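# Summary of structural features
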Amino acid sequence: MNKKDVQKPLHVQVAEKVIEGLRAGTAPWQIPWDASGMPFLLPYNFQSGKRYKGINALSLLMAGRDDPRWMTYRQAEESGMQVRKGEKSMLIQFVKTTDERTKRDASGKVMHDELGKPIKDITALPHAIIRNAYVFNAAQIDGMPKLERELPGIDWQPNERAEKMIASSGAKILHEYSGKAFYSPKNDAITLPYKDWFSQDHKYYATLLHELGHWTGHSQRLNRDMGNSFGDLLYAKEELRAEIASMIMGQELGIGHDPGQHFAYVESWIKILEDNPFEIFSASMDAERIFNYIMDLERAQQKSVEQEHMHATGLPQGKPPGYLTTGDKIPYNGSVYEVIGHLKQGRLKMQESLFGNSFTLSKGDKLYASLLYLKREMTNEQVRTASNGSGKNLDGDSPLYSANR
């Protein structure tokens, strides 16, 4: 999609694509995928490693690309790659809340800090501004490394983590032989068939997490109006939110996604989006809120476990992933080494703080092994603190698409 071709607002474009997909059975959350096949990956920014969110994710999912990696033209150049001539871009939107400018002296020269880095002046904008950006898929870019479907650093069993996530929610879960799965706002309880009624375990967890999405809508949690019964307009809207959230959680846990009985809402969803295209934006934003709410509960539970472990043993618990990634800041030999970005062939763009040197780092280098060892020795909290705030604001991770920003 070229810039000059953009006439309709993004939410209208996406709503039209979703309606077309719903009729063909190809809307992103209509397509079943499971943990037995190739891992399904939501679209993400290759340079930052962050997934796109909200309506951006849906738009890129429906672009018909097999590769989930996307970048702007400039990001591709910065990574030593090249967008092929004649390739068309996809529109995404992000929210800008601050203005960043390079500080200059009276003569107009760029000012630098003690490490030789340009000094930036960052000021808050009086109100948020929606900005457009244009991204290209990895298949449109020369020099992209081969896509590795196996996610690096995953050291959990999907079903086991699903159990922990569900337990951390504290949701009341009932089992019965009725064959039905539903959430009752009145009783604030989830009802499911027994696990052995499902053909595969991960389908049980995918169904349970869908209902957990509804559970977040209770008045004491995210307080959504979920409607009263099947056929109700609000009920159909709530199902749309839970389906999108279920898809996101399915990838996060690696348990897959099973649309199941939710095909029954297709006609209602089409009517909703035809009457109000902006509903696809609202639904995708609420789905992100659902995901963040459940993830926050899991993080809070994990933090509590770590604190108990520290209190009992005086030792930190858990290790960070077995790889270096954008935003990592690791103290080493009197300096701090920061991963600035990803380059082709798995190399990393690095910045060293003591002398302000920039350089590339390969996984086979001894320094990589040393930094990775130190990262593993850092506590989870140290890694989160060191990595905070390093991503670029072109991946949709903004107040527009995330409830926790």
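Owing to the predicted nature of the structure, the values given are computational and were not obtained by experimental measurement.

## Notes on the overall build of the protein chain
Helix and strand counts for the protein chain come out as ten helices and 15 strands. Relative to its full complement of 405 residues, the protein chain shows a buried share of 44%. Restricting to contacts in the protein chain with at least 6 residues of sequence separation, those with at least 24 account for 67%.

## Here we look at the packing of helix α1 (residues 10–24) against helix α2 (residues 54–61)
Their axes nearest at 10 Å, the elements α1 and α2 cross at an angle of 45 degrees. With respect to α2, the axis of α1 lies oblique. Where α1 crosses over α2, the handedness of that crossing is left-handed. Contacts between α1 and α2 involve Leu10, His11, Val14 and Lys17 on the former and, on the latter, Ile55, Asn56, Leu58 and Ser59. Residues belonging to the contact of α1 with α2 are distributed by class as follows: four nonpolar, three polar and one charged.

## Some thoughts on the side chain of Asp67
Following the sequence through the fold, Asp67 ends up in the loop between α2 and β3 (69–72). A polar atom in the side chain of Asp67 sits 2.8 Å from the side chain of Arg69. Apart from the residues lying within four places of it in its own chain, the contact partners of Asp67 are Asn137, Ala138 and Leu147.

## Concerning the environment of Pro145
As for its position among the elements, Pro145 is in the loop between β7 (141–142) and α4 (158–169). Relative accessible area serves as the criterion here: at 19%, Pro145 is assigned to the buried category.

## Digging into empty space enclosed by the protein
Taken as a whole, this structure holds two cavities of 30 Å³ or more when the rule is applied. Space inside the largest cavity adds up to approximately 40 Å³. Together, Leu42, Arg51, Gly54, Ala57, Leu58, Leu61, Ile244, Met247, Ile248, Ser284 and Glu288 line the largest cavity. Taken together, the elements giving at least two residues each to the lining of the largest cavity come down to α2, α6 (233–253) and α8 (279–313).

## Some thoughts on the sheet that holds β3
Spatial ordering of the open sheet is given by β2-β3-β6-β5, a layout of four strands whose pairing is mixed. At either margin of the open sheet sits one strand with a lone partner, and together these are β2 (44–45) and β5 (90–102). Alignment of β2 against β3, held across two bridges, turns out to be parallel. Bridge pairing in β3 links Asn45 to Trp70. Packed onto the sheet, α2 meets β3, β5 and β6 (120–137) and runs at close to 140 degrees relative to β5.

## Let's talk about the sheet that holds strand β12 (residues 329–332)
Read from one edge to the other, the open sheet built from four strands follows the order β12-β13-β14-β15, with strand pairing classed as antiparallel. The strands lining the two open edges of the sheet, one partner per strand, are β12 and β15 (358–361). Between one strand and the next, the sheet's axes are offset by a mean angle of 35 degrees, whatever the strand orientation. Alignment of β12 against strand β13 (residues 335–342), held across four bridges, turns out to be antiparallel. Across the sheet, the residue bridging to Pro331 is Val336, located in β13. Together, β12, β13, β14 (348–352) and β15 form the strand contacts of helix α9 (residues 366–377), whose direction differs from that of β12 by roughly 105 degrees.

## Comments concerning the side chain of Glu279
Relative to the assigned elements, Glu279 resides in helix α8. Side-chain polar atoms of Glu279 contact the side chain of Arg241, separated by 2.7 Å. Setting aside residues up to four positions removed in sequence, Glu279 forms contacts with Lys237, Arg241, Ile272 and Leu273.

## Quick word on the nonpolar core
Where a protein is soluble and globular, its nonpolar side chains tend to be buried together. Leu22, Trp29, Ile244 and Ile280 are the most contacted members of the largest nonpolar core, which has 55 residues in total. Within the residue set of this core, elements represented by two or more residues are α1, α2, α4, β10 (189–193), α5 (201–215), α6, α7 (266–275) and α8. Ranked by residues supplied to this core, first place goes to α8 with nine residues. Discounting residues that sit within four places of it in the chain, Ile244 has contacts with Trp29, Leu58, Ala283, Ser284 and Ala287. In this structure, Val339, Leu348, Leu361 and Leu371 belong to the second largest nonpolar core, which totals eleven residues.

## Things to note about the pattern of salt bridges
Enumeration over the complete set of coordinates arrives at 20 salt bridges. Measuring nitrogen to oxygen at the nearest pair gives 3.3 Å for the salt bridge that ties Glu78 to Arg74. Residue Glu78 and its partner Arg74 are located together in helix α3 (residues 73–78), separated by four residues, close to a single helical turn. Linked through salt bridges whose partners overlap, the residues forming this network are Lys237, Arg241, Glu279, Asp286 and Arg289.

## Focus: the packing of aromatic side chains
Within the structure shown, the criterion is met by twelve aromatic pairs. Here the aromatic cluster, defined as three or more aromatic residues joined through ring pairs, consists of Trp29, Tyr235, Tyr265 and Trp269. Cation over ring: Arg51 sits above Phe291, and NZ or CZ is 5.2 Å from the ring centre.

## Let's talk about unusual backbone geometry
Within the chain, Asp188 stands out as a residue other than glycine whose phi angle is a positive 50 degrees. Position of Asp188 relative to the elements: it lies in the loop between β9 (182–184) and β10. At Asn223, a residue that is not glycine, the phi angle is positive and equals roughly 55 degrees. Positionally, Asn223 belongs in the loop between α5 and α6.

Each value, and the rule that gives it
Residues numbered from 1 in each chain as written. Predicted model: local features only at pLDDT ≥ 70, side-chain atom pairs only at ≥ 80, totals over all residues. Heavy atoms only, no water. Helix = DSSP H or I, 4+ residues; strand = E, 2+ residues; numbered from the N terminus. Buried < 20%, exposed > 50% of the residue type's maximum accessible area, 1.4 Å probe, protein only. Contact = heavy atoms within 4.5 Å. Axes fitted to C-alpha atoms, helices over the stretch in contact; angles between N-to-C directions. Parallel < 35°, antiparallel > 145°, perpendicular 65-115°, else oblique. Left-handed = near helix turned anticlockwise from the far one by under 90°. Nonpolar A, V, L, I, M, F, W, Y, C, P; charged D, E, K, R; others polar. Polar contact = N/O pair within 3.5 Å; in protein donor to acceptor, adjacent residues only side chain to side chain. 1 Å grid on protein atoms, 1.4 Å probe; cavity = no way out; pocket = protein on both sides within 12 Å on 5 of 7 lines; lining within 4 Å. Points joined across faces, edges and corners; volume = space filled by probe spheres on them. Pairing = 2+ DSSP bridges. Core = buried A, V, L, I, M, F, W, Y, C linked by side-chain atoms within 4.5 Å. Salt bridge = Lys/Arg side-chain N within 4 Å of Asp/Glu carboxyl O. Phe/Tyr/Trp six-rings, centres within 6.5 Å; stacked < 30°, edge-to-face > 60°. Lys NZ or Arg CZ within 6 Å of the ring centre and 35° of its normal.

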